[in-house]
Amino acid sequence: MLQEEQQKIHANLTTSDLKPVFADDVLVGQTIKQNKLPDGKMEKEGVITFFFLDMMTQKPIAKVVISRLTAQNLHNLLGDTLQKMIEELKSEKETVHKVSIQAQEKHGYIG
């Protein structure tokens, strides 16, 4: 992701009307569809669904459905982000408060 794209995303995030919600648990599910083609081959596709929960009220607060490719990017970015957070939490240095948007590998939009 280019620097100017990151800046535009950051500007849009700071002016967005999105309200933050707190989830203290998550359920993950998958849906796989399959179709047998006339030549006998099997065609499959799938999505991953996240249900974010507020355990105090025992209610779901969000449902997010993503593709397999998006899930793979999330896995990579979340791993990197958690590693950086663990290092920062162990550090005795003062934390610099800055917003950081970690870019994923560039994938073209299909559609």
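Rules used throughout
Residues numbered from 1 in each chain as written. Predicted model: local features only at pLDDT ≥ 70, side-chain atom pairs only at ≥ 80, totals over all residues. Heavy atoms only, no water. Patch = residues over 30% accessible without salt bridge, like charges linked within 9 Å, V, L, I, M, F, W, Y side chains within 5 Å. Areas by Shrake-Rupley, 256 points an atom, 1.4 Å probe, with all protein chains shown as cover. Salt bridge = Lys/Arg side-chain N within 4 Å of Asp/Glu carboxyl O. Helix = DSSP H or I, 4+ residues; strand = E, 2+ residues; numbered from the N terminus. Buried < 20%, exposed > 50% of the residue type's maximum accessible area, 1.4 Å probe, protein only. Pairing = 2+ DSSP bridges. Axes fitted to C-alpha atoms, helices over the stretch in contact; angles between N-to-C directions. Contact = heavy atoms within 4.5 Å.

> Can you walk me through a nonpolar patch on the surface in this structure?
A cluster of nonpolar side chains, Leu74, Leu78, Leu82, Met85, Ile86 and Leu89, forms an exposed patch at the surface whose accessible area comes to about 570 Å². Topologically, Ile86 is positioned in helix α2 (residues 68-90). Classification of Ile86 as partly exposed rests on a relative accessible area of 39%.

> What's the story with the sheet that holds strand β1 (residues 25-36) in this structure? I'm lost.
Note: strands within a sheet are paired through backbone hydrogen bonds, in either parallel or antiparallel orientation. Read across the open sheet, the 3 strands follow the order β1-β2-β3; overall the sheet is antiparallel. What marks the edges here is a single partner per strand, and that holds for β1 and β3 (59-67). The sheet shows a mean angle of 20° between the axes of neighbouring strands, direction not considered. Bridge analysis of strand β2 (residues 42-54) against β3 gives 8 bridges, and the strand direction is antiparallel. Counterpart to Leu53 in the pairing with β3 is Pro60. Here α2 sits on the sheet and contacts β2 and β3; the angle it forms with β3, its principal contact strand, is near 110°.

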